[in-house]
Amino acid sequence: MAHVFGEVEVMLQAMLRQLFQSVKEKITGAPSLECAEEILLHLEETDENFHNYEFVKYLRQYICNTLGSMIEEEIEKWTSDQNQGEEFGYDTVVQHVTKTTQESKEYKEMMHSLKNIMMIVVDSMINKFEEDEMQSQERQKKIQKEKSNSYCTDNCSDSDSSFSQSYKFCQGKLQLILDQLDSGQPKEVRYEALQTLCSAPPSDVLNCENWTTLCEKLTVYLSDPDPVFSDRILKFYAQTFTLSPLHMTKEIYKSLAKYLELYFLSRENHIPTLTTGIDITNPNVIHLLKKVRLLNEYQKEAPTFWIRHPEKYMEEIVESTLSLLSVKHDQSHLVSQKILDPIYFLALVDTKAVWFKKWMHAYYSRTAVLRLIEKKYKFLITTAVQQCVQYFELCKTMKADEVLGHSKPCGNKQKTFYYSGQELQYIYFIHSLCLLGRLLIYTQGRKLFPIKLKNRKDSVSLADLLVLFTQLIYYSPSCPKMTSPGHLENYSPASMVTEILCILCDQKECAIECLYNNTVIEALLQPIHNLMKGTKAAPNCSETALIHVADILARIASVEEGLILLLYGENMSSSEEKSPTGAHIIAQFSKKVLDEDISIFPGSEMFPAVKGAFTSVCRQIYGTCEGLQVLIPYSLHESIAKAWKKTSLLSERIPTPVQGSDSVSSKSQESQNITAWEENLLDYLLNFAATPKGLQLLQRTGAINECVTFMFSQYTEELQVSRHKKFGYGVLVTHVASTAAGAVALQSSGFINALLTELWANLECGRDDVRVTHPKSTPVDPIDRSCQKSFLALVNLLSYPAVYELVGNQGLPDKEEYSLREVPTRVIDIIDRLIILNSEAKIRSLFNYEQSHIFGLRLLSVVCCDLDTLLLLEAQYQVSEMLLNAQEENTLETSDSHRDFIIDSLSVERNHVLVRINLIGGPMERILPPRILEKGDDPYPWPMFSSYPLPNCYLSDGVTRNTDLKQDNDLGKLLLHFKMSDKQTEWIENCRRQFCKMMKAKPDIISGGALVELLEKFVLHLSESPSECYFPSVEYTATDANVKNESLSSVQQLGVKMTVRYGKFLNLLRDGAENDLTLVLKHCERFLKQQQASVKSFLLCLQGSYTGHDWFVSSLFIIMLGDKDKTFRFLQQFSRLLTSAFLWLPRLHISICLQWITQCFWNYLDWIEICHYIATCIFLGPDYQVYICIAIFKHLQQDILQHTQIQDLQVFLKEEALHGFRVSDYFEYMEILEQNYRPVLLRDMWNIRVQST
């Protein structure tokens, strides 16, 4: 038995030796014993021959023999269970069998036996290793007594590690190596000693007491004339950097830096000069560059781990580096004979100063670097600035081809072996440029300025340096066409400066301090100014330089502070000054290049890129309201549209390339360029839709359909918008859909079709492959998260102008049968399939009836918050009747004469919608039932109904109806203060002051009959003052009899009923008011037609009179207590005022407006606040309409932030009343807004007739 085991032991030892021999390199290269163990543990993952090792085969067979039968039995057991109906996945079976095996008795016995066997084998191998080691040492003593016998040369064992060698590498051994390294020793002895040193663990070497002496010796030997010897020392340095901790590598780094410092200071070394240049085939230069490169590699790696060590280690590394780079030779001789300093060589191996970038990245190291620079080494920054100044002066004085000679090594595709003095100066300049660019990012770095230079009176300030950078863009020469543009671009001064300035733009604090000032902006724009004057921009200015500048300006304009600087300059004054601001210069230049009204770079292939770059800057500006206001005089939308039409014609004329023709590639490239430029122009036009006024300008160009089609193509390709754009296409869709023309464009582009298809897929279908493996869970929310995005997109899309264009005058499909595969592609289909489910066929066509119908009801609830949309849907589809019928059908008979409503999610939702669409009132005037059930015995205490009238519980009892005489008398006293004056202007201003005073002190008394008297009197005098009148007086002679036979639209008729119902609820209207209001609306329609020109348009909304209900007239009718004559007389006078263009929307028939304003805040404010809104705008001017909206947003600030976070802001703003908002509470705030914005707003409002043409 012992004999058998002995054979197994020998066999296992051989197997282990084979394994260790195979992985020898991996183990010996491990920095520690723990790492070596990790390598062995993960050998199967990293060694492709793992399963071919004899030891692995032995283990596999051993396990199979011991546990094989048990594993097979377990697998058979689980297979039989599966046949009996229990289905298990493969992974499940494997996990179970593995767990069972590991818990078995057989497994534990096997592991115990295997462990005992391997312990015996390993002990035997260790003993044999020690015997072999002793014999080896004896042999070494006999061969050479002076040699130490402590070093082991057997690398076949896994015990060859730092740990096992530590006790052998003693002090005597290190001293012996020191002696053998002496230059007096034979070459072979020195080589062997160095080899011994390189083979020893670096940690053992550095821990010896003689390390300091060895370090000094190594530093000296780096200059050894024998290249092989010095290279092996560098190898030891590199090995130490790689395998040792920081406190050890720090010493090596310091010794290397110190050596280089002494090397450059020594006059004995032949260091190249600027005259001779650098020949990198020279052996001395090669060795020097190797040492500098090794130093640089460690510089770039050190920041990744030095934060884990004491700060003093990092500071010692930094200081030794800065000390080396500060070495300067005697400058008494000529510059051309100047000996190259260390920084030239560092720049040669690290041109872009990556080492400095990494050192400045973390606050930990940045603080130390900047502190040392400020205290001792500011000279480094001074010389860097000096290099930039010298290069700029060179660019100004020399010709382009001469300057290009400096950048030859950066652009030459062939390998370069020689660098001239000029090229070295250029490389040093690039290094300095990158170093300064990184320095400026940080506050402490900027504090190092101003810098005092030699031969210069004034110091170089931060602004001076930035101006210098911008001038380098224009004055540095362009890259030669024949060189590799991609490679050269990386090192061209213009592109590098642009990269630096763009990085500065991205740091807000840095940009404000460095870039956002008139000095820098003027420097950026000066060459453009010169080009427009017809003078040369700069000696070497090119199309590329202009594109670089445009990129910087675009980044500046994309930030609020930068945009304000471009618009108004540093003094924040919008008034025109002697010199135009940056925005004006950019707009002028952009218009000229778009119109090709400027002669620059004739015949240049890059001229379209220049156009695009500067138009992109303008896009950043006109994409904001303030920016568009400044750029409107330049009519950029017209220039862009003109350029697009011209380019579109060119693209149509390009002939189809003929295969085999030589011109195929050139024609194809030309076609691609034209197509790309055409798409860019459409994108620039599309971005006008970022603001309401810009959208109006876009519509005037006639290109809105093409722009929306382009937007849809980008959207379907899921292309991300530019990083400089402030928002994505979703916002633009919302803006575009707010107009009738935009809605039609969205329909024709296919956008709505795609949106509805995606909605249907999420709501009804889902992905087939997902449904098989992961059935869709029952939604918890009324609208499932998968449909939320589509829901919000529809809410944004379905403004009233869009709804009218998309479903106006269209009946429901109401088919007898719907295919399950029939997907809605129009808005009318969504209404038919999800909202008005008035047939069994519609219900059966839905896979998820309840979820889909709730989606439709929620959508109906939101869109019907726009009262015009509600009236349109009610007039065309009788929505209320459908909902009432559905409620009637959702009941149970409890007795012969009583029926109870079934309370479910659909009936609760329908009840909410019915109350919302049938009851008008502000937050204190109506009560909307909740959409959720309550806890307790009565989960839904709100009464449901299936016929009118509504239960009284939904009418608020707390509302103040009508106004009593006391209030009227109080307001009458107010009228006594309005004494007539000979100067009508004084009387008007006195009225306004008294109105403001009462609104602040006693706002509630401004209501009722006296308010009517006040409004009548004030508007009468305004209409008689020529300075206050905006529209001309129109003679109107029609009587009631003339208009009696005219008919109102169905929407207007329903609006009349709704108005009268609300007026009666307020106790302000009497019976018969419906006929009177109808007559007033008929008179108004005829009266306005006299002043409006007929328009031929494909849009439904422009093919007749105003399509919505006139909510302003309805509001006035209630204010006038139902007096039709007084109402119409007031409207005739009021129509002459500018305010009428904004309060009375049918006055100018403009479709761009807010939902709140369109319906005069009905359902959003209580009646008293609606009166105050109208009165405030009439008394104080049309701009107060804007101030009131801003005050509302201020009031809702916290709600807006909250609902933005949960992504339902659109729904909140449409559905929720303005709780707690009172116009009078914000009068002081609105007066501040008036002081700041009235000149701009009124100037724009006075141009309303021009804009609506």
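Residues numbered from 1 in each chain as written. Predicted model: local features only at pLDDT ≥ 70, side-chain atom pairs only at ≥ 80, totals over all residues. Heavy atoms only, no water.

## Some details on the overall build of the protein
Next, step 1: A count of helical and extended segments in the protein gives 66 helices and 4 strands.
Next, step 2: Relative to its full complement of 1253 residues, the protein shows a buried share of 51%.
Next, step 3: Summed over all atoms, the accessible surface of the protein reaches about 61,100 Å², with 52% contributed by carbon and sulfur. (Helix = DSSP H or I, 4+ residues; strand = E, 2+ residues; numbered from the N terminus. Buried < 20%, exposed > 50% of the residue type's maximum accessible area, 1.4 Å probe, protein only. Areas by Shrake-Rupley, 256 points an atom, 1.4 Å probe, with all protein chains shown as cover.)

## A look at a negative patch on the surface
Next, step 1: On the surface, a cluster of negative charge is contributed by E72, E73, E76, E106 and E109.
Next, step 2: Elements that contribute at least two residues to the negative patch include exactly α5 (54–83) and α7 (105–143).
Next, step 3: Looking at the negative patch, the element that brings in the most residues is α5, giving 3 residues.
Next, step 4: With respect to the element layout, E76 can be found in helix α5.
Next, step 5: You can call E76 exposed: its relative accessible area is 55%. (Patch = residues over 30% accessible without salt bridge, like charges linked within 9 Å, V, L, I, M, F, W, Y side chains within 5 Å. Salt bridge = Lys/Arg side-chain N within 4 Å of Asp/Glu carboxyl O. Lys, Arg positive; Asp, Glu negative; His and termini not counted. Charge placed at Lys NZ, Arg CZ, Asp CG, Glu CD.)

## Quick notes on the side chain of R858
Next, step 1: Here R858 is to be found in helix α47 (residues 849–863).
Next, step 2: Look past the residues within four positions of R858 in its chain and what remains in contact with it is P782, I783, F791, E909 and R931. (Contact = heavy atoms within 4.5 Å.)

## Let's talk about the nonpolar core
Next, step 1: If you look at the biggest cluster of nonpolar residues, it comprises 348 residues, and the most contacted ones within it are F469 and L546.
Next, step 2: If you tally residues by element for this core, the top one is helix α23 (residues 421–439), at 11 residues.
Next, step 3: Ranked by size, the runner-up nonpolar core spans 24 residues in total, among them A30, F55, L67 and I117. (Core = buried A, V, L, I, M, F, W, Y, C linked by side-chain atoms within 4.5 Å.)

## What about the confidence of the model for the protein?
Next, step 1: Of the residues in the protein, 84% have a pLDDT of 70 or more, and the chain-wide mean is 83.
Next, step 2: When the criterion is pLDDT under 50, residues 145–168 qualifies, and its contacts beyond four places in sequence or with other chains add up to 34 contacts.
Next, step 3: In the model, residues 963–968 has pLDDT below 50 throughout and makes 11 contacts with residues more than four positions away in sequence or in other chains. (pLDDT = per-residue confidence, 0-100.)

## Considering the packing of helix α18 (residues 354–361) against α23
Next, step 1: The contact between α18 and α23 brings their axes to 9 Å, and the two run at 10°. With respect to their mutual orientation, α18 and α23 come out roughly parallel. Every residue of α23 that contacts α18 at W355, F356, K357 and M360 is listed here: H431, L435, R438 and L439.
Next, step 2: A class-by-class count of the residues in the contact of α18 with α23 yields 5 nonpolar, 1 polar and 2 charged. (Axes fitted to C-alpha atoms, helices over the stretch in contact; angles between N-to-C directions. Parallel < 35°, antiparallel > 145°, perpendicular 65-115°, else oblique. Nonpolar A, V, L, I, M, F, W, Y, C, P; charged D, E, K, R; others polar.)

## Considerations on the environment of V1012
Next, step 1: Topologically, V1012 is positioned in helix α53 (residues 1008–1023).
Next, step 2: Look at V1012 and you get buried, because its relative accessible area is 4%.
Next, step 3: Not counting residues up to four positions away in its chain, the partners in contact with V1012 are I1119, M1120 and K1126.

## Here we look at unusual backbone geometry
Most peptide bonds take the trans form, and the phi angle of most residues other than glycine is negative.
Next, step 1: Here the residue pair F449 and P450 is connected by a cis peptide bond, since its omega of 10° sits within 30 degrees of zero.
Next, step 2: Mapping P450 onto the fold places it in the loop between α24 (443–446) and α25 (462–475).
Next, step 3: In this model, Y948 is joined to P949 through a cis peptide bond whose omega is 5°.
Next, step 4: Among the structural elements, P949 can be located in the loop between α50 (905–918) and α51 (965–976).
Next, step 5: A positive phi is found at Q878, a non-glycine position, where the angle reads about 50°.

## Overview of the pattern of salt bridges
Next, step 1: One pass over the full model with this rule turns up 41 salt bridges.
Next, step 2: Between K57 and E54 there is a salt bridge, with the nearest N and O atoms lying 3.8 Å from each other. On the criterion of helical spacing, the pair formed by K57 and E54 is a turn pair, its members being 3 residues apart in helix α5.
Next, step 3: Here R826 and D829 are joined by a salt bridge, their closest N and O atoms 3.1 Å apart.
Next, step 4: Connected through salt bridges with shared partners, the residues K250, E251, K254 and E316 form a single ionic network.

## Considerations on the packing of aromatic side chains
Next, step 1: Taken as a whole, this structure holds 44 aromatic pairs when the rule is applied.
Next, step 2: Between Y1030 and W1246 the ring centres are 4.9 Å apart and the planes differ by 70°, which places this aromatic pair in the edge-to-face class. Taken together, the residues span a long stretch of sequence, with Y1030 in the loop between α53 and α54 (1040–1043) and W1246 in the loop between α65 (1227–1245) and α66 (1248–1251) at a distance of 216 residues.
Next, step 3: Here Y1030 falls in the buried class, since its relative accessible area comes to 8%.
Next, step 4: Taken together, the ring pairs connect Y1062, F1065, W1111, W1162 and W1167 into an aromatic cluster.
Next, step 5: Positioned over the ring face of F229 is R190, at 4.0 Å from the centre of the ring. (Phe/Tyr/Trp six-rings, centres within 6.5 Å; stacked < 30°, edge-to-face > 60°. Lys NZ or Arg CZ within 6 Å of the ring centre and 35° of its normal.)

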